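Spelled out from the first residue to the last, the chains are:
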Amino acid sequence: MSKPKTPIHFTVDGKKCQAFLGQTILQAAKDNGVYIPALCRWEGFEPAGACRVCTVRVAGRTMAACTQPVTEGMAVENNVPDLQDMRKSLIEMLFVEGNHMCPTCEKSGNCELQALAYRFQMLVPRFPFQFPARKVEAAGKKILLEHNRCIKCLRCVRGVRTRDNKAVFGALRRSRDKEITVDQALAAALPEKQARQAMDRCPVGSILRKEVGFVVPIGKRKYDKEPIGSDVEKAKD
Amino acid sequence: MSKPVIATASLAGCFGCHMSFLDIDERILALVDLVEFNKSPINDIKTFTKPVDIGIIEGGCCNSENVEVLREFRKHCKVLISLGECAIMGGLPAMRNAIPVRECLEEAYFHSPTIDPADPKIMPGDEDLPIILDKVYPLHEIVKIDAYLPGCPPSADLIWKALTSLLEGKPLDLSYNLIKFD
Ligand code: SF4
Ligand code: SF4
């Protein structure tokens, strides 16, 4: 039997919120209708704290809302100008660090990185474009790995497994040299549903199920009409 | 009072942004009343004949001529707008940026499938041709840019909104559906 959950109280930008002990700031905020932007997070996976887009501030200290547990009386700063600008700058860094040619990308309109750029009104990144040399692994039967667009969020490494629990994706090296690898034999053996899941779990257009690109018309894609996070904000209205 | 003056150019772009500009449909009649066009492919005026209020450029810089035209625009225009993905981040032409220029040219002139192996291998190198840059540069990495309008192409509504805001001296207030990168 699980113990009854103890409710605790905290605030986000002054808004009174309720949570349960053990919840992260990000989860608790979401339950209270407050959207904290995040990229590497996927509900159900172990949080990675990799992208830092969910950075909030508590008592003058910045922390990743996806890994930090909420505590009684915590006063969280979220939607404040300097934090929002820092998050925007992180998104801009991800754009210049890879090669993001959105007009040619199958994920455009459904991409979480692009959606955050829209939400933050990124018209141009403040950093110089790096134009790194990255490869495209297109030889696999089911899955195409487009390294130009990978933001190393590790969702695929954490969450895409075969039925007998073998990891399909892995990571090589560290920091800016980090590279995602795919076991093409395992990827080719993934049932259709899981192959699609692998694509959907990648926040960007890096993991693609081959032969299904551009199926949803412009205007009907996930982020065509409403900013990312609108669902969270609407849920509590 | 004389009308505000507009100039436009397409550098390493596909003219899609200009097409989108023309997509403002009947609003073009209002625009003719509002502004006067100077150097632009729309009216085929080749050289600046007066100072310009708003310069609009599509396409990034892929060769020495692009850089020259861009600098000339900066010199003549009070406000310079970077229009579209190619102008803002290099776009499709920038897909060559991680490949050495020589390799790109050899692919195009020596190894492409349409080259007859029996033909002499000639790479254009006439001194009258603009020199290809080491990579394709976004406009703001070469001159100061005052406003960015993303999209491939930017929608006619976005271009119209930006132009009318500028002409009325209002700040550019872009709604969610106007900012798109594709
Ligand atoms: S992954 Fe997202 S941001 Fe990158 S090119 Fe594709 S749509 Fe654009
Ligand atoms: S391939 Fe996709 S899911 Fe995997 S690390 Fe890169 S961006 Fe994340």
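Cut-offs used in this document
- Residues numbered from 1 in each chain as written.
- Chains lettered and ligands numbered in written order.
- Predicted model: local features only at pLDDT ≥ 70, side-chain atom pairs only at ≥ 80, totals over all residues.
- Heavy atoms only, no water.
- Helix = DSSP H or I, 4+ residues; strand = E, 2+ residues; numbered from the N terminus.
- Buried < 20%, exposed > 50% of the residue type's maximum accessible area, 1.4 Å probe, protein only.
- Contact = heavy atoms within 4.5 Å.
- Areas by Shrake-Rupley, 256 points an atom, 1.4 Å probe, with all protein chains shown as cover.
- Lys, Arg positive; Asp, Glu negative; His and termini not counted.
- Charge placed at Lys NZ, Arg CZ, Asp CG, Glu CD.
- Rg over C-alpha atoms; globule rule 2.2 N^0.38 Å.
- Pairing = 2+ DSSP bridges.
- Near = heavy atom within 4 Å.
- Nonpolar A, V, L, I, M, F, W, Y, C, P; charged D, E, K, R; others polar.
- Buried area = accessible area lost by both parts, 1.4 Å probe.
- Salt bridge = Lys/Arg side-chain N within 4 Å of Asp/Glu carboxyl O.
- Polar contact = N/O pair within 3.5 Å; in protein donor to acceptor, adjacent residues only side chain to side chain.
- Core = buried A, V, L, I, M, F, W, Y, C linked by side-chain atoms within 4.5 Å.
- pLDDT = per-residue confidence, 0-100.

## Observations regarding the overall build of chain B
Next up, step 1: Helices and strands together make up the secondary structure of chain B, namely six helices and seven strands.
Next up, step 2: Taken along its principal axes, the extent of the C-alpha atoms in chain B is 65 × 35 × 30 Å.
Next up, step 3: Here chain B holds 182 residues, and 46% of them are scored as buried.
Next up, step 4: Relative to all contacts within chain B whose residues are 6 or more apart in sequence, the contacts with residues 24 or more apart total 76%.
Next up, step 5: Split by element, the accessible area of chain B, about 9600 Å² in all, is 58% carbon and sulfur.
Next up, step 6: Of the charged side chains in chain B, 17 are positive and 27 negative, and the gap between their average positions amounts to 7 Å.

## Structural notes on the overall build of chain A
Next up, step 1: Broken down by element type, chain A carries seven helices and 10 strands.
Next up, step 2: The C-alpha radius of gyration computed for chain A amounts to 19 Å, which stays within 12% of the reference 18 Å derived for 237 residues, consistent with globular compactness.
Next up, step 3: Taken across its 237 residues, chain A has 51% of its residues classed as buried.
Next up, step 4: Approximately 12100 Å² of chain A is accessible, and the part contributed by carbon and sulfur atoms is 53%.

## Remarks on the pairing of strand β7 (residues 143–146) of chain A
Residue and element names in this part refer to chain A.
Next up, step 1: Along β7, one buried face is formed by I143 and L145 and the opposite face, lined by L144 and E146, is buried too.
Next up, step 2: As paired elements, strand β6 (residues 136–137) and β7 share two bridges and run antiparallel to each other. Looking at the pairing, E137 lines up with L145 of β7.
Next up, step 3: Where β6 folds back on β7, the antiparallel hairpin that results is connected by five residues.

## Quick word on the environment of L145(A)
All names here are of chain A.
Next up, step 1: Examined against the element boundaries, L145 turns out to sit in strand β7.
Next up, step 2: Of the residues examined, L145 reaches a relative accessible area of 1% and is grouped as buried.
Next up, step 3: Between the C-alpha atom of L145 and that of A171, which follows or precedes it by 26 residues, the distance is 13 Å.
Next up, step 4: In this structure, L145 is in contact with K135, V136, E137, F169, I180, T181, V182, S206 and I207, ignoring residues within four places of it in sequence.

## Notes on the site of ligand 1
Next up, step 1: Close contacts around ligand 1 come from F95(A), H100(A), M101(A), C102(A), C105(A), S108(A), C111(A), L113(A), Q114(A), R149(A), V204(A) and G205(A), and that covers them all.
Next up, step 2: For the shell around ligand 1, the class distribution of residues is seven nonpolar, four polar and one charged.

## Some details on the sheet that holds strand β1 (residues 5–10) of chain B
Next up, step 1: As summarised here, the arrangement of the five strands in space is β2-β1-β3-β5-β7 (chain B), forming an open sheet in which the pairing is parallel. Both edges of this open sheet fall to β2 (36–37) and β7 (147–149) of chain B, since each of them pairs with a single strand only.

## Observations concerning the interface of chain A and chain B
Next up, step 1: The interface is formed by 28 residues belonging to chain A together with 23 residues belonging to chain B.
Next up, step 2: When chain A packs against chain B, the two sides together hide about 2200 Å² of surface, and 70% of this comes from carbon and sulfur.
Next up, step 3: A per-residue breakdown of the area chain A buries against chain B is headed by Y118(A), L123(A) and F131(A), which together make up 34% of the total.
Next up, step 4: One can count one salt bridge joining chain A with chain B.
Next up, step 5: Close ionic contact of R221(A) with D182(B) constitutes a salt bridge, the shortest N to O distance being 2.8 Å.
Next up, step 6: Inspection of the region where chain A meets chain B yields eight residue pairs in polar contact (both at pLDDT 80 or more).
Next up, step 7: Each residue belonging to the side of chain A that touches chain B can be placed in one class, and the counts come to 17 nonpolar, six polar and five charged.

## Digging into the nonpolar core
Next up, step 1: One finds L113(A) and F169(A) to be the most contacted residues of the largest nonpolar core, which totals 64 residues.
Next up, step 2: When residues of this core are assigned to their parent elements, the largest contribution, six residues, is made by helix α6 (residues 156–167) of chain B.
Next up, step 3: Of all hydrophobic cores here, the second largest spans 23 residues; its members include C61(B), L139(B), I145(B) and Y148(B).

## Thoughts on the confidence of the model for chain A
Next up, step 1: In the predicted model, chain A carries a mean pLDDT of 92, and the fraction of residues at 70 or more is 97%.
Next up, step 2: Taken element by element, chain A is modelled with least confidence in helix α7 (residues 230–235) of chain A, mean pLDDT 89, and with most confidence in helix α3 (residues 112–119) of chain A, mean pLDDT 98.

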